[in-house]
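In case you want the letters, here they are:
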Amino acid sequence: MWQLSGYDRPIYRNIALTWEQIPEVESMPEPPRVPETFNPVGTYQRNIEVPAEWDGDRHTFLHFEGVKSAFFVWVDGEYVGYDQGSMTPSEFDLTEILDPGESHTLTVQVFRFSDGSYLETQDMVRFSGIFRSVYVYSKPSVFLRDYDVQTELHPSGDATLTVDAEVVGGDTDGWRVIGRMFDGETELATAEATLGAEEGDASIRTTVPSPTPWSAEQPALYDLVLEIRNPDGSVVEVVPDRVGFREFTIEDGQVLINGDPITVRGINRHEHDPETGRTVSFERVREELTLLKQHNVNAIRTAHYPNDLAVYELADELGFYVIDEANIETHFNMNFVNERPAFETSFLRRFEQMVDHHKNFASIFAWSTSNEAGQGVPHEKMASYAREGDPTRFVYHQGSGDAPYEEFHESMTGTAPFADISGPRYAVPHTLAQHSAVEDRPLIMGEYGHALCNSLGLQDAFWDLVNAIDGLQGGFIWEWTNQTLAGHVVSDAAPGEWWFDDDPFLLDGTAFSDLTLQPELRQVKKTHQPFAFDDVALAEGVFTVSNYYSSTNLSAYETTWELTVDGEQIQSGVLELDVVPGQTRGVTVPFDLSEIPSDRECHLTFRVRLSEETDWAPAGHEIGFDQFSIPVPPTETTEFAADGAQVSPGEQIALEETDDVIVLSGDRFRYRFDTGRGRFDELQFDGETVASDGPVFGAFRAPIANEGHMDSDTEWGYDNEGEWRSLGLHALSQVATDHIVERDDESGVRITCSTELRPPERDALFEVDFAYEVSRDGTVDASVDARPTPALTEELSTWLPRLGIELELSSSMTDVEWFGRGPHETYPDRKTGCEVGRYEGRIDDQFVPYRLPSDNGNKTDVRWASTTGSQTGLTIAGETPLNVRFDTYENLADAKRIQELVPAERTTMFVDIAVAGVGGTPVKPLREHRISAEPVSVSFTIRPHEAEADPASIVRGSDR
């Protein structure tokens, strides 16, 4: 990748040809021509030492695993050959050119653009150069050139192994091909075939007794050793391989593995490393696939080209179902396949090379004929080639031409009549339920859940359907990681910066490019978990558990339960589950609620963990969880008041009023209320300011990418941000229209205030009434009633981003603790991946550094949240669960990259009644996760306190 070595530049494109919009390209060429004024060329040269023992009747080859996009080869200045195709191997016979025992100069000249570039307009950073392994190897005079492994399972439990071998190089009369199958050091079976003088093909066949079938759940592999022996019995070549005995079939509209339905918990994966671009080390591939397995991903689509061999080897070993995709995409012109018949050979060659190169990997269950390359005769010929040469797998198509299900939704493209599996893309969840009304093929979504920055908000809706309907067998999320590059490897970027070519559309991973996991992946793990508990009688501890595995009994795992009260565990136990795949059984949990006060909140959490170590996780790794809120029966007495929550009411509140300010003072607090703006401009406790400028009602948040907050060549999704800003939601000022102050010698002081929220020079969008009851101990009980005005309701065509209040925290407030969902970021349509509990951390650490800055760090279902500094703290608790988040920047809503963010002097704390869902590009949030312009009310309590105080005790003690 010379673009990461100081030469040329990487270019990101989604749809366009790479050379479009490049200043050096003066005019667009017509296919098959490429730009003449700008076509960078990389020249690679090195000396190779040829071993002397390669002398004699041997054959020597030069092998390239991947070169983009086209290249010429010379040895010692002598022309050897040319190839293109980028993502499949190229090989040259150097037998007549190299001299054993001598040194030779190998020269390779790589062109960035070739006519093959027309078939390579994938949504990715466009690199060029030699990006995979290159090696020279030698073979004996007669050698194994190719072989095809087939396995067949029998009802008896035995299996048939067939190997079709192609032996070449000379006279093969009397030569033998021997296949030996091992399980560790134990030899299970042997077979052989003898070749004739004119024959180069041999087929060996044997029965393997009772092998463990391969599946993603149990990726059992056996060692196959192929030997080529000459007529005197000497072994001249040994080729090892690993074989998985499995059988993919389609029956009754479902894809089966070894007779059992599969569920594709998949993800689309580009080959990308932020330091090395398209070159991805074996160590990183293993780390990526290990992380995916740990998050319940069991399938990979090699989007959108054949991957390096390490991916398939590890998919076989760790257990992934793979759709292998040809290196064909003409997104710049979906009808290119029909308009340019001269390219037909190129279409076919790319697909055939992929199939021939990868045919022996157990993990591959389907061949994809292309991505976003329309549909034409070459695709049909690819399908025929696959079926004739490999009837054990299926044909998949992601052409993205016309939408075959457009009667349900216009975006449901991605299949073809010749495909064995239907692969719609970016469906609205409920439309999937109508799939069986259209056809009988299995449905596996090729792309869905577009994870653009802060996104992936529809997973529960999709997977409720997948788990309920047999024909819906999952899909592949777009995509695994962001495609950003480390700033120090890109010539026009700065060290410490994440380069994305000023187009945030490539920021669509569930992990950052350095493999730091994004909060979205927590939700993926949850919705992909292969089991589910459901309540039958909560108070009695009666539940059902369903097993969504294909072949694994839940007894293989350790299942525990734990009962928490206000986030603290008080009881736990182990469950012995015996639930076979596809079955639902009842289970009773023996918890005891008799001693739990009725005003406490109780949760029951089930956890399923690995009972033994695997290749991808240690014993004890959590596969998943389910959590339930358990109703606590009424109790006669409450004993919790003695835990430090009760505070002396203190002296009567001192009250000072002027035309502009109301000052309330008690033993340990002093509050200033601005009557003109209808808010407290300072809350002091023990002489320290804990908060200011609030509560202020608001409806705006920093927009996320799905809401239009990005500048990209790809215009996709929905633009709410434009409407929100045109309405002025981002610039509302809160102005008081009336206020009343009332003193109560017993309870304290009550302030009621009517306000309007209006953007500059426009009518008010909200009328908001606040009521504050300030107690003698400093507790503030607040209620807010907000009503949208016709200026908003008559103009709003989308939905509101949020509704709630905000206030500024003192700069001394550095830590946060809360009782709600966590510890990760959650949103209303992406929250079930986090359980309700009690969490704590630094305020700064709640920031999620999406490369396109946006709203982030939201916590849902928060009962209370407490911020603390070295001396004081502030706790806010709602009568109903709230959303809480923090903003430590001045310009989060306007910055276009992390480097533009300006730290604020104070942290803004948002406490929201409602927050809009994040949806999934291009699919909008479900209607229940959109906020209408309707009246809302909320009540909450604000309480300053010492830093070391227990906020849970404070919240319980505040119920007077």
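Because the structure is predicted, anything quoted here is derived from the model rather than measured. (Residues numbered from 1 in each chain as written. Predicted model: local features only at pLDDT ≥ 70, side-chain atom pairs only at ≥ 80, totals over all residues. Heavy atoms only, no water.)

**Q** Break down the sheet that holds strand E33 (residues 557-565) for me, citing the residues and quoting the values.
**A** As a general point, the strands of a sheet are linked pairwise by backbone hydrogen bonds and lie either parallel or antiparallel. Read across the open sheet, the four strands follow the order E34-E33-E36-E37; overall the sheet is antiparallel. The open sheet terminates on both sides in strands that have one partner only, identified here as strand E34 (568-575) and strand E37 (622-630). Neighbour-to-neighbour, the strand axes of the sheet open up by a mean angle of 20°, direction not taken into account. In the sheet, E33 pairs with E34 via seven bridges, with the strands oriented antiparallel. Residue Thr559 lies in a different strand from E34, and its bridge partner there is Leu575. (Pairing = 2+ DSSP bridges. Helix = DSSP H or I, 4+ residues; strand = E, 2+ residues; numbered from the N terminus. Axes fitted to C-alpha atoms, helices over the stretch in contact; angles between N-to-C directions.)

**Q** Tell me about helix H7 (residues 520-528), residues and numbers included.
**A** The buried fraction of H7 is high, at eight of nine residues. Elements that come into contact with the buried residues of H7 comprise strand E22 (264-268), helix H1 (282-294), strand E27 (443-448), helix H6 (459-468), strand E28 (472-477) and E37. (Buried < 20%, exposed > 50% of the residue type's maximum accessible area, 1.4 Å probe, protein only. Contact = heavy atoms within 4.5 Å.)

**Q** Could you give an account of the confidence of the model for the protein, with specific residues and numbers?
**A** Any region with low pLDDT has predicted coordinates that should not be read closely. Residue-level pLDDT values for the protein average 94, and 97% of them are 70 or greater. Per-residue pLDDT stays below 50 along residues 637-647; that stretch engages in 14 contacts with residues further than four places along the chain or on separate chains. (pLDDT = per-residue confidence, 0-100.)

**Q** Give me a negative patch on the surface: which residues, what numbers.
**A** Together, Asp164, Asp171, Asp173, Glu198, Glu199 and Asp201 line one region of the surface with negative charge. With respect to the helices, strands and loops of the structure, Asp164 is situated in strand E13 (residues 159-168). (Patch = residues over 30% accessible without salt bridge, like charges linked within 9 Å, V, L, I, M, F, W, Y side chains within 5 Å. Areas by Shrake-Rupley, 256 points an atom, 1.4 Å probe, with all protein chains shown as cover. Salt bridge = Lys/Arg side-chain N within 4 Å of Asp/Glu carboxyl O. Lys, Arg positive; Asp, Glu negative; His and termini not counted. Charge placed at Lys NZ, Arg CZ, Asp CG, Glu CD.)

**Q** I'd like a rundown of the packing of helix H4 (residues 344-358) against helix H5 (residues 377-389), residues and numbers included.
**A** Orientation of H4 relative to H5, taken along the N-to-C sense of each, is 25°, at an axis distance of 9 Å. Here H4 is positioned roughly parallel relative to H5, judged by the angle of their axes. Read as a crossing pair, H4 and H5 show a hand that is right-handed. Of H5, the residues touching H4 (which contributes Glu344, Phe347, Leu348, Phe351, Glu352, Val355 and Asp356) are Val377, Pro378, His379, Lys381, Met382, Tyr385 and Ala386. Here the contact of H4 with H5 is built from residues that sort into nine nonpolar, one polar and four charged. (Parallel < 35°, antiparallel > 145°, perpendicular 65-115°, else oblique. Left-handed = near helix turned anticlockwise from the far one by under 90°. Nonpolar A, V, L, I, M, F, W, Y, C, P; charged D, E, K, R; others polar.)

**Q** A description of the layout of surface pockets should follow, citing residues and the corresponding values.
**A** One number sums up the size of the largest pocket: a volume of about 1,300 Å³. Forming the boundary of the largest pocket are 36 residues, of which His63, Arg145, Asp146, Tyr147 and His357 lie nearest the centre. At the level of secondary structure, the elements contributing two or more residues to the lining of the largest pocket comprise strand E3 (59-64), strand E7 (90-93), strand E11 (134-139), strand E12 (143-153), strand E18 (235-243), helix H2 (309-318) and H4. Of the residues contributing to the lining of the largest pocket, the split by class is 14 nonpolar, six polar and 16 charged. Considered as a void within the structure, the second largest pocket measures approximately 780 Å³ in volume. His730, Glu806, Asp887, Thr908 and Phe910 are, among the 33 residues lining the second largest pocket, the residues nearest its centre. (1 Å grid on protein atoms, 1.4 Å probe; cavity = no way out; pocket = protein on both sides within 12 Å on 5 of 7 lines; lining within 4 Å. Points joined across faces, edges and corners; volume = space filled by probe spheres on them.)

**Q** Now, about unusual backbone geometry: what can you tell me, with residues and values included?
**A** The omega torsion of the bond from Trp478 to Glu479 falls at -5°, within 30 degrees of zero and hence cis. Along the polypeptide, Glu479 turns up in the loop between E28 and strand E29 (485-486). Note that the residue after Thr921, namely Pro922, is joined by a cis bond; omega there is -5°. Looking at the element boundaries, Pro922 is found in the loop between strand E52 (903-915) and strand E53 (936-946). Phi at Asp686 takes a positive value of approximately 50°, unusual for a residue other than glycine. Residue placement: Asp686 occurs in the loop between strand E41 (679-685) and strand E42 (688-698). A residue is classified by how much of its surface remains accessible, and Asp686, at 38% relative accessible area, is partly exposed.

**Q** Explain the packing of aromatic side chains to me, and be specific about the residues and the numbers.
**A** Summed over all chains, the structure comprises 44 aromatic pairs. Judged by centre distance (6.0 Å) and plane angle (90°), the rings of Phe64 and Phe92 are edge-to-face. Highlighted residues: Phe64 in strand E3 and Phe92 in strand E7, separated in sequence by 28 residues. Each member of the pair, Phe64 together with Phe92, is buried. With a centroid separation of 5.5 Å and an interplanar angle of 10°, the aromatic rings of Tyr549 and Tyr557 are classed as stacked. Here Tyr557 falls in the buried class, since its relative accessible area comes to 17%. Each member of the aromatic cluster is reached from another via a ring pair, and the members are Trp19, Phe38, Phe113, Tyr118, Phe332, Phe336 and Phe343. The cationic tip of Lys526 hangs over the ring face of Phe625; the distance from NZ or CZ to the ring centre is 4.5 Å. (Phe/Tyr/Trp six-rings, centres within 6.5 Å; stacked < 30°, edge-to-face > 60°. Lys NZ or Arg CZ within 6 Å of the ring centre and 35° of its normal.)

**Q** Tell me about empty space enclosed by the protein, and please be specific about residues and values.
**A** A complete count under the given rule lists eight cavities of 30 Å³ or more for this structure. Of the pockets and cavities examined, the largest cavity occupies roughly 120 Å³. Taken together, the residues of the lining of the largest cavity sort by class into four nonpolar, five polar and four charged. The computed volume of the second largest cavity comes to approximately 80 Å³. Surrounding the second largest cavity, Thr18, Lys68, Ser69, Arg112, Phe113, Ser117, Glu120, Arg126, Phe127 and Ser128 form its lining.

**Q** Can you break down helix H8 (residues 720-727) residue by residue, with the values?
**A** Inspection of H8 places Asn720, Glu721, Glu723, Trp724 and Leu727 among the buried residues, and these make up the whole buried set. For H8, the arc enclosing every buried residue in end-on projection is 165°, short of the 170-degree limit, so these residues lie on one face. N-capping of H8 is provided by Asp719, with a side-chain oxygen placed 3.4 Å from the backbone N of Glu721. Of the residues trailing H8, Gly728 is marked for its positive phi of about 90°. (Arc of directions from axis to C-beta. Polar contact = N/O pair within 3.5 Å; in protein donor to acceptor, adjacent residues only side chain to side chain.)

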